[in-house]
Structures are given as structure tokens and as C-alpha cells.
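# Topology and contacts: notes
Here is what each chain is made of, one letter per residue.
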Amino acid sequence: MSYNGGGVVAMKGKECVAIASDLRFGIQLQTIGLDFDKIFQAGPKLYVGFPGLATDTQTVHQRLKFRTNLYELRENRKVSPKVYASMVGNLLYEHRFGPYFVEPVVAGLDANNQPYICAFDLIGCANAPDDFVVAGTCEEQMYGMCESLWKPDLGPEELFEVISQALVNACDRDAISGWGARVYVIEKDKVTVRNVRTRMD
Amino acid sequence: MECILGIRFNDFILLAADTIDSRSIVVMKHDVDKFFPLSKNLLMAVCGESGDTTQFSEYIAKNVHLYKMKNDYELSPRASANFTRRMLADSLRSRERYNVNLLMAGYDEVEKKAELYYMDYLASMMELPYCAHGYGSYFVLGCLDAYYKPDMSVANGYELLKRCIAEISKRFSINLPTFSVKLIDKDGIHDQEPIHARQLVI
């Protein structure tokens, strides 16, 4: 899990969610790329991040996209966050004894524009709390930052500030995370993507 | 102990690979070609486990060719790279994994741009402006961070490549005397003059 490094954090706000990841692609202590976003879009208001082993980030994203495409064809509707989270957990547990080395983070707004966040361990144990979820090599640093900065019912602008500060400062204290960050703020009518500067080392 | 490097500019890509095949302390062959053309505008440079390199590369090349025969048009560089990644990722968790690191360079005639893909043996893939595999990467990435510009001409790009190889020759303890160089642009794959370490000003 710490071969490539990286971190993803998601937070709930008032009728909005935010999810953010760092952009480093490295192999152990060598940095290879600076634009490896670990967050992918799974629906119009649903995003998922896969921190962990880079090859599994790409493979799990592709396998999940396959499953959601089939779901959307069969059911003729977009997948909701809770159902998507359940699919993620299912995919991971199918490989219980040969797991994918990723710890997914799901963030989205459901049909009533209520925020939903969920994090998993590498074998699919779901955790859907009311405040924030973190995953990656700088998990512990992110827990500290989120616990101090997060408050309930933050508006979209404040949520952006809080999640950015949490991710940036956590990544700055982890050698294998950082090299830039991308933050997605999902509101009921739009999704804003912003790049945030971290220590570029 | 092998080294392959690639640099992507606005309209072309330069790929360089050393020409040594060695087992432990012995150099078996001095004129190995580590490049595998996949189509007119798509070239792959491979390093890693000896048999796997040839087997995997030929498999990918034949599949790319099959797609062209079946569908009458070629796979784009991005599609070929993703196909290669899929093959490598599937083999990773199977009985025997392919232990190959590769760089794939292609000129996309539809999008009209050059693309360079880095793929390691675990099948993590990234499209990058410049990249390298092997111990040589530790020496050239810093060099490229400092001197790379995307709008360089072919001559300047070749000089940049020479500078990188000079760095490897000066500071890497394994002797890599020659690097073969290929240029990929909209007109296809072109051989360039090989770069000999002993002729470089170090």
C-alpha cells in the first residue's frame, strides 16, 4: 500500500460533499508523474477515490466502471451512492484471499441531495460516518487535521477551505504523498474542481 | 541494469534504449534491439526479464495488427496502451506474471498529438512528457526536469537526449556504451544515429 503512496479525503457539508486527492505518482521514493488523480467520476454527483497501489487503482476503477455500466443498462437509471458503495464492497470482498491493494473512498449526493460518504478497507469493510473519511499513506495525519478543522453544516466554500487545508497539511508531512492536490466540491447543481498547491517535494 | 528513456515533444517523441544484454556480471550481447514497432506510428521499448520481453511484446504487436485486420482501422496509441496495460494487469494476478517494464510512444493521427506512456511491471500506466526505466532513471529525470521544453526541435531534442546519456555515462557504475535512438512522428518511426558514450563530452 505504501509502494506508490497517496491520500484521499472526503467530507460532508450542508447539502454538499467534497472529495480531494493528492496528485503524486511515484514508485517508492522516486516521483515519476505529477498528474495522477486518484479520483474518478462514477455518476453526475458521485465520485470515488482509490488510494493505494497504482495498478490496482486503475484496475479497480476499470472493473467497477464495467459493473456500473451494466447496472445502468439493466436498470435504466444512474447508480445511487449507497448502491455504488455496496458494489465497491462486493468487488473487494470477492478478492478476499488475494485482495486489491486499494482503500476506496466514495463521496456523492443521493437523489434528495443529501450528502453520502463511505470508506472501505482493502477487503471491502464499509464505514459510512457523518463527518469525514480518510484513506492512504497519510491517513493518520489526515485524521488529525480533519478532527481539528471539520464542523457540521459547512457551506460549499467553507468546506472547500477545510478539506484543502486538511489534505495539504497532511500530505506535507508525508514523504510519499503530495506534489499537488485536486479538490472536487459536489453541490446539488454543480461540481467544482480546483487544483491546490502543496509542497512540491 | 538496463535503461530505456523517452521524451515527448509537441510533434514527435524520442525513445532511447541501451543495447546491452547481460546476465549477472557478464555482457552477452552488445547490439540488442529493445524496440518493438506495433504499427506505423507506434513503438514500444521494453526492458525486464529476458524471455518475457520478447514474448509479451510480440503478443501485443500481433494483437494490435489483428485489430487492424479485423476492423480496417488502427488502434490509437491510447487504446493500444490501455490494451497493453489490461494484458499486463491480468497476467499480474495469474499463475505467472510478465516481468516487463515498457515505454510506449505513438503519434495519434486523429488527435494530432504525440503521446508517451510509461508502464511498469505491475501495470501502473501514466502518460508523461518524459520518463525512464531502470537505474538510469535516477540520473536522467532530474536532468529532464531542468532542461526539457515541449517545443524543442528534433536537433535540440536529440541534444537533450545526449545530455541525459552523458549523465548516465558519467555517474552510473554499470557501463552502457551505446544507446539506440528512434524518432516517432506523424510520418512513422525513424532510426536516429545511435549515441555512443565514449563520443560524448562528459
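Residues numbered from 1 in each chain as written. Chains lettered and ligands numbered in written order. Predicted model: local features only at pLDDT ≥ 70, side-chain atom pairs only at ≥ 80, totals over all residues. Heavy atoms only, no water.

## Observations regarding the confidence of the model for chain B
Per-chain confidence: chain B averages 93 in pLDDT, with 100% of residues scoring 70 or above. For this predicted complex, the interface confidence score (ipTM) comes to 0.89, while the overall pTM stands at 0.92. (pLDDT = per-residue confidence, 0-100.)

## A look at the side chain of Gln58 of chain A
The topology assignment puts Gln58 of chain A in helix H1 (residues 54-75). By relative accessible area, which is 11% here, Gln58 of chain A ends up buried. When sequence neighbours within four positions are dropped, the list of residues in contact with Gln58 of chain A reads Phe36 of chain A together with Arg85, Ala123, Ser124 and Met125 of chain B. (Helix = DSSP H or I, 4+ residues; strand = E, 2+ residues; numbered from the N terminus. Buried < 20%, exposed > 50% of the residue type's maximum accessible area, 1.4 Å probe, protein only. Contact = heavy atoms within 4.5 Å.)

## Observations regarding the sheet that holds strand E8 (residues 115-120) of chain A
Residue and element names in this part refer to chain A. Pairing is antiparallel across the open sheet formed by five strands, whose spatial order is E5-E6-E7-E8-E9. Pairing within the sheet leaves two strands with one partner each, and these edge strands are strand E5 (39-43) and strand E9 (126-127). When strand E6 (residues 46-49) meets strand E7 (residues 105-109), the two strands line up antiparallel, connected through four bridges. Within the sheet, the bridge partner assigned to Tyr47 lies in E7 and is Ala107. Helix-sheet contacts for helix H2 (residues 81-94) involve E5, E6, E7 and E8, and the interaxial angle to E8 is about 5°. (Pairing = 2+ DSSP bridges. Axes fitted to C-alpha atoms, helices over the stretch in contact; angles between N-to-C directions.)

## Some remarks on the interface of chain B and chain A
On the chain A side, the residues contacting the 19 residues of chain B number 21 residues. Between chain B and chain A lies a buried interface of about 1500 Å² when both sides are counted; carbon and sulfur atoms form 49% of it. When the buried area of chain B at its contact with chain A is split by residue, Arg85, Arg93 and Met126 of chain B rank highest and sum to 35% of it. At the junction of chain B with chain A, the criterion picks out two salt bridges. Between Arg93 of chain B and Asp56 of chain A there is a salt bridge, and its shortest N-O distance comes to 2.7 Å. The tally of links from chain B across to chain A stands at 13 residue pairs in polar contact (both at pLDDT 80 or more). Counting residues per element, the ones that place at least two in the side of chain B that touches chain A are helix H2 (77-92), strand E9 (125-127) and helix H3 (136-147) of chain B. Of all the elements, H2 of chain B adds the most residues to the side of chain B that touches chain A, at six residues. For the side of chain B that touches chain A, a count of residues per class yields eleven nonpolar, three polar and five charged. (Buried area = accessible area lost by both parts, 1.4 Å probe. Salt bridge = Lys/Arg side-chain N within 4 Å of Asp/Glu carboxyl O. Polar contact = N/O pair within 3.5 Å; in protein donor to acceptor, adjacent residues only side chain to side chain. Nonpolar A, V, L, I, M, F, W, Y, C, P; charged D, E, K, R; others polar.)

## Quick look at the packing of aromatic side chains
Across all of its chains, the model carries twelve aromatic pairs over all chains by this definition. With 6.0 Å between their ring centres and 40° between their planes, Tyr135 of chain B and Phe172 of chain B make a pair best called tilted. Of this pair, Tyr135 of chain B sits in the loop between strand E10 (130-133) and H3 while Phe172 of chain B sits in the loop between helix H4 (154-171) and strand E11 (178-185); the two residues are 37 residues apart in sequence, bridging distant segments of the chain. Owing to a relative accessible area of 44%, Tyr135 of chain B belongs among the partly exposed residues under this scheme. Aromatic ring contacts, followed pair by pair, group Phe9, Phe12, Tyr130 and Tyr148 of chain B into a single cluster. In this structure, Arg194 of chain A packs its charged tip against the face of Phe160 of chain A, placed 4.1 Å from the ring centre. Above the ring of Tyr147 of chain B, the side-chain terminus of Arg163 of chain B is found at 3.8 Å from the ring centroid. (Phe/Tyr/Trp six-rings, centres within 6.5 Å; stacked < 30°, edge-to-face > 60°. Lys NZ or Arg CZ within 6 Å of the ring centre and 35° of its normal.)

## Notes on the sheet that holds strand E8 (residues 113-119) of chain B
Residues and elements named next belong to chain B. Strand order across the open sheet formed by five strands is E5-E6-E7-E8-E9, with antiparallel pairing between neighbours. Looking at which strands have only one partner, the edges of the open sheet turn out to be strand E5 (35-39) and E9. In this sheet, neighbouring strand axes are inclined to one another by 20° on average, regardless of whether the strands run parallel or antiparallel.

## Observations regarding the pattern of salt bridges
Under the definition given, this model contains 24 salt bridges over all chains. Across the salt bridge formed by Asp21 of chain B and Arg23 of chain B, the nearest N and O atoms sit 3.7 Å from each other. Among the charged side chains, a salt-bridge network with shared partners connects Asp35, Asp37 and Arg182 of chain A.

## Quick look at the nonpolar core
The biggest cluster of nonpolar side chains holds 30 residues, and the ones touching the most others in it are Leu5, Ile7, Phe9, Leu161, Ile168 and Phe179 of chain B. It is H4 of chain B that provides the largest number of residues to this core, a total of seven residues. Those residues in contact with Phe179 of chain B, other than ones at most four positions away along the chain, are Cys3, Leu5, Ala16, Ala17, Asp18, Ile165, Ile168, Pro194 and Ile195 of chain B. Counting 27 residues, the second largest nonpolar core, distinct from the first, contains Leu53 of chain A together with Ile4, Cys47 and Leu116 of chain B. (Core = buried A, V, L, I, M, F, W, Y, C linked by side-chain atoms within 4.5 Å.)

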